[in-house]
Amino acid sequence: MEKLEFPEGFLWGAATSAHQIEGDNHNDWSEWEKSPERIAQLKKEGKDPADFISGKACDSYHRYREDFDIAKELGHNVHRFSIEWSRIEPEEGKFDEREMEHYKTLITDLRERGIEPMVTLWHFTNPVWFAKKGGFLSERSPQYFTRYVKYVVDNLCDRVGLWITFNEPSSVYGGFSYLLGQWPPQKKSFFKYLRVQNNFIRAHTLAYRQIKKIYAAIPPVRPGSSSTSHNIRAQVGWAENYRYPVVPWYLRWLGSIFTYFRFLRFLKKTAPYQDFIGLNYYTIARLPGSYDVLPRQAAVSIMGWEIYPYGIFHVLKSVAKFKKPVYITENGIADASDERRLKFIKDHLRWIHGSIAHGVDVRGYIYWSLLDNFEWSHGFGPRFGLAEIDFKTFKRTVRPSALEYAHICRNNMLEY
Ligand code: BGC
């Protein structure tokens with residue numbers, strides 16, 4: 001058995017997102033979940049629509065302290081979560097101070113447990129007014145988004161250092177909403193996909209500059225001073241879903257096109273405006289001819305995703321050329337029986353450790369997810385959580401694999 005130590009100060013934790021856990025959100029997704037077309041489609045597929053409506057989700061809006069206690073008990077020192085734009089700005093230009101207070105308190109509660117917040121500003125959902133204006137198809141979307149970011153960061157700059165502007169804007173959101181037309185607003189068009197991508201790039205850049213401006217205006221605390229000011233500096237990035245493209249050598253160009261549109265274009269265009277790269281990794285991408293070079297993996301999750309831990313090494317090496325610190329902002333498995341989760345985590349960590357040994361500057365590992373939650377168009381079926389949720393009673397039960405992962409977090413070391 002080898003002892004694989006991680007660099008000093010490495011961050012260990014888990015992630016969630018607002019719409020998937022909070023409950024009672026009112027945004028373009030909650031509207032879509034209840035739309036007659038969506039209900040009819042689910043019924044046609046023989047599914048119970050109730051399982052696909054986020055509703056109270058994990059009721060984390062009220063039970064977040066219980067969730068943070070779990071994270072603390074599990075030895076986590078970072079927690080990634082998102083702020084729900086539709087709560088903060090339910091009507092255009094009108095900010096809800098009470099909701100802002102809620103997130104302020106939440107972050108204070110997290111810090112009191114010795115856990116560093118990593119805050120995502122957008123995780124797939126939009127306020128209804130913004131969606132009505134065309135969402136990220138709208139020319140003015142970067143300005144709308146940045147106005148919201150300014151309000152939030154003005155309020156939280158004294159307690160947050162790690163910011164993620166967008167979660168998976170290009171690969172997952174762009175893909176499902178605009179390339180495949182399966183997620184709201186279900187607008188299937190390659191041109192729209194490109195337009196949305198360009199607006200996300202502009203929005204990220206504007207928001208990055210805005211955040212930096214806010215922090216630059218805060219005077220640093222002088223040693224010995226009794227000032228209540230603080231020394232937190234902002235680190236800003238965005239998180240994308242990376243897949244290792246499997247393709248034979250004679251179709252390498254296809255792999256390059258895939259990689260370019262999935263993340264490379266975005267990465268290149270925003271490179272000067274990223275303090276770190278947020279890397280989400282779950283599985284590989286099978287391109288034509290892939291079975292000639294890689295047989296179907298025996299281990300497949302209930303999402304239908306082949307489990308291929310070496311892929312994370314490959315994608316980490318491929319982003320290393322940007323010479324930025326990298327956080328693994330998501331990696332996880334839907335596994336209700338908890339039989340495969342620990343092996344999944346350890347196998348991926350082994351390759352992450354390998355990439356660090358090869359010089360990639362990985363600063364943290366954030367498992368997806370802390371809790372079972374609302375898995376978007378898959379509803380409540382897939383169970384990604386370190387803690388199991390009973391969606392009737394909202395009882396949280398920590399899974400055995402989470403306790404093993406806790407040893408790794410506490411020791412900053414993987415025994416493999
Ligand atoms: C998303 C999460 C989602 C997870 C599992 C990621 O692409 O950021 O919101 O739950 O994958 O599907």
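Fair warning: this is a prediction, and the values are worked out from it, not measured in the lab.

Calculation rules
Residues numbered from 1 in each chain as written. Predicted model: local features only at pLDDT ≥ 70, side-chain atom pairs only at ≥ 80, totals over all residues. Heavy atoms only, no water. Helix = DSSP H or I, 4+ residues; strand = E, 2+ residues; numbered from the N terminus. Rg over C-alpha atoms; globule rule 2.2 N^0.38 Å. Buried < 20%, exposed > 50% of the residue type's maximum accessible area, 1.4 Å probe, protein only. Near = heavy atom within 4 Å. Polar contact = N/O pair within 3.5 Å; in protein donor to acceptor, adjacent residues only side chain to side chain. Areas by Shrake-Rupley, 256 points an atom, 1.4 Å probe, with all protein chains shown as cover. Nonpolar A, V, L, I, M, F, W, Y, C, P; charged D, E, K, R; others polar. Bend = angle between axes of the 7 residues up to and from the residue. Contact = heavy atoms within 4.5 Å. Axes fitted to C-alpha atoms, helices over the stretch in contact; angles between N-to-C directions. Left-handed = near helix turned anticlockwise from the far one by under 90°. Pairing = 2+ DSSP bridges. Salt bridge = Lys/Arg side-chain N within 4 Å of Asp/Glu carboxyl O. Parallel < 35°, antiparallel > 145°, perpendicular 65-115°, else oblique. Expected span 1.5 Å × (residues − 1). Arc of directions from axis to C-beta.

A.B. asks: How would you explain the overall build of the protein chain if you had to name every residue and give the values?
C.D. replies: Across its full length, the protein chain holds 15 helices and 12 strands. Relative to the 2.2 N^0.38 estimate, which gives 22 Å for 416 residues, the radius of gyration of the protein chain is 21 Å and therefore close to what a compact globule would have. Overall, the C-alpha framework of the protein chain stretches about 65 × 55 × 45 Å when taken along its three principal axes. Each of the 416 residues in the protein chain was classed as buried or not, and the buried ones make up 60%.

A.B. asks: Any details on the site of the ligand? Residues and values, ideally.
C.D. replies: In the region of the ligand, 14 residues are neighbours, and Gln20, Asn167, Glu168, Glu330 and Glu375 sit closest. Contact between the ligand and Gln20: an oxygen atom at 2.8 Å from a side-chain N or O atom of the residue. A distance of 3.5 Å is found between an oxygen atom of the ligand and a side-chain nitrogen or oxygen belonging to Tyr282. Contact with the protein chains covers 96% of the free accessible surface of the ligand, which is 310 Å². Residues of the shell around the ligand, tallied by class, amount to 7 nonpolar, 4 polar and 3 charged.

A.B. asks: Outline helix H4 (residues 60-73), supporting the account with residue identities and numerical values.
C.D. replies: Glu66 marks where H4 bends most, by close to 35°. Among the residues making up H4, those that are buried are Ser60, Tyr61, Tyr64, Asp67, Phe68, Ile70 and Ala71. The secondary structure elements touched by the buried residues of H4 are helix H1 (18-21), strand S3 (78-82), helix H5 (85-88), helix H6 (97-112), strand S10 (387-389) and strand S11 (396-398). Within two residues after H4, Gly75 carries a phi angle of roughly 75°, on the positive side.

A.B. asks: Tell me what's going on with the packing of helix H10 (residues 190-216) against helix H11 (residues 252-270), and back it up with residues and numbers.
C.D. replies: Following both chains from N to C, one finds H10 and H11 inclined at 35°, their axes separated by 10 Å at the closest point. H11 is crossed by H10, and the crossing has right-handed handedness. For the pair H10 and H11, contact is made by Phe190, Tyr193, Leu194, Gln197, Asn198, Phe200, Ile201, His204 and Thr205 and by Phe261, Arg265, Phe266, Lys269 and Thr270, respectively. Residues of the contact of H10 with H11, tallied by class, amount to 7 nonpolar, 5 polar and 2 charged.

A.B. asks: Could you give an account of the sheet that holds strand S2 (residues 11-15), with specific residues and numbers?
C.D. replies: Spatial ordering of the closed barrel is given by S2-S3-S4-S5-S6-S7-S8-S9, a layout of 8 strands whose pairing is parallel. Here the average twist between neighbouring strands, direction ignored, is 30°. In this structure, S2 lies alongside strand S9 (residues 362-368), joined through 5 bridges in parallel fashion. The residue of S9 that forms the bridge with Leu11 is Gly364.

A.B. asks: For the pattern of salt bridges, give the residues involved together with the corresponding values.
C.D. replies: All chains considered together, the criterion is met by 26 salt bridges. For Asp347, the salt bridge goes to Lys343, with nearest N and O atoms at 2.7 Å. Separated by 4 residues within a single helix, Asp347 and Lys343 lie in helix H14 (residues 341-357), roughly one turn from each other. Of the residues examined, Asp347 reaches a relative accessible area of 13% and is grouped as buried. Its relative accessible area of 56% is what places Lys343 among the exposed residues. Between Arg399 and Asp372 there is a salt bridge, with its nearest N and O atoms 2.8 Å apart. With Arg399 in the loop between S11 and helix H15 (400-411) and Asp372 in the loop between S9 and S10, this residue pair connects regions lying 27 residues apart in the sequence. Residue Asp372 is classed as buried on the basis of its relative accessible area of 0%.

A.B. asks: Explain the packing of H4 against H6 to me, and be specific about the residues and the numbers.
C.D. replies: Running from N to C, H4 and H6 cross one another at 10°; their axes reach a closest spacing of 10 Å. Classified by the angle between their axes, H4 and H6 sit roughly parallel to one another. Here Tyr61, Tyr64, Arg65 and Phe68 of H4 come into contact with H6, specifically with Glu99, His102, Thr105, Leu106, Asp109 and Leu110.

A.B. asks: Any chance you could break down H15 for me, citing the residues and the numbers?
C.D. replies: Helix length check: H15 (12 residues) gives 17 Å between terminal C-alpha atoms against 16 Å at 1.5 Å per residue, within 8%. Taken residue by residue, H15 has Ser401, Ala402, Tyr405, Ala406, Ile408 and Cys409 as its buried positions. Seen along its axis, H15 keeps its buried residues to an arc of 160°; they face one direction. Buried-residue contacts for H15 involve S2, H14, S9, S11 and strand S12 (413-415). Looking one or two places after H15, you find Asn412, whose phi comes out positive at around 55°.

A.B. asks: Describe the side chain of Ser290, naming the residues involved and giving the relevant values.
C.D. replies: Within the secondary structure, Ser290 is located in helix H12 (residues 290-293). Sequence-distant contacts of Ser290, defined by excluding residues within four places in its chain, comprise Val246 and Pro248.

A.B. asks: So what about unusual backbone geometry? Which residues, and what values?
C.D. replies: Here the bond from Pro184 into Pro185 is cis, since omega is 10°, no more than 30 degrees from zero. Within the secondary structure, Pro185 is located in the loop between helix H9 (169-179) and H10. Here the residue pair Trp368 and Ser369 is connected by a cis peptide bond, since its omega of 15° sits within 30 degrees of zero. Residue position: Ser369 is located in the loop between S9 and S10.

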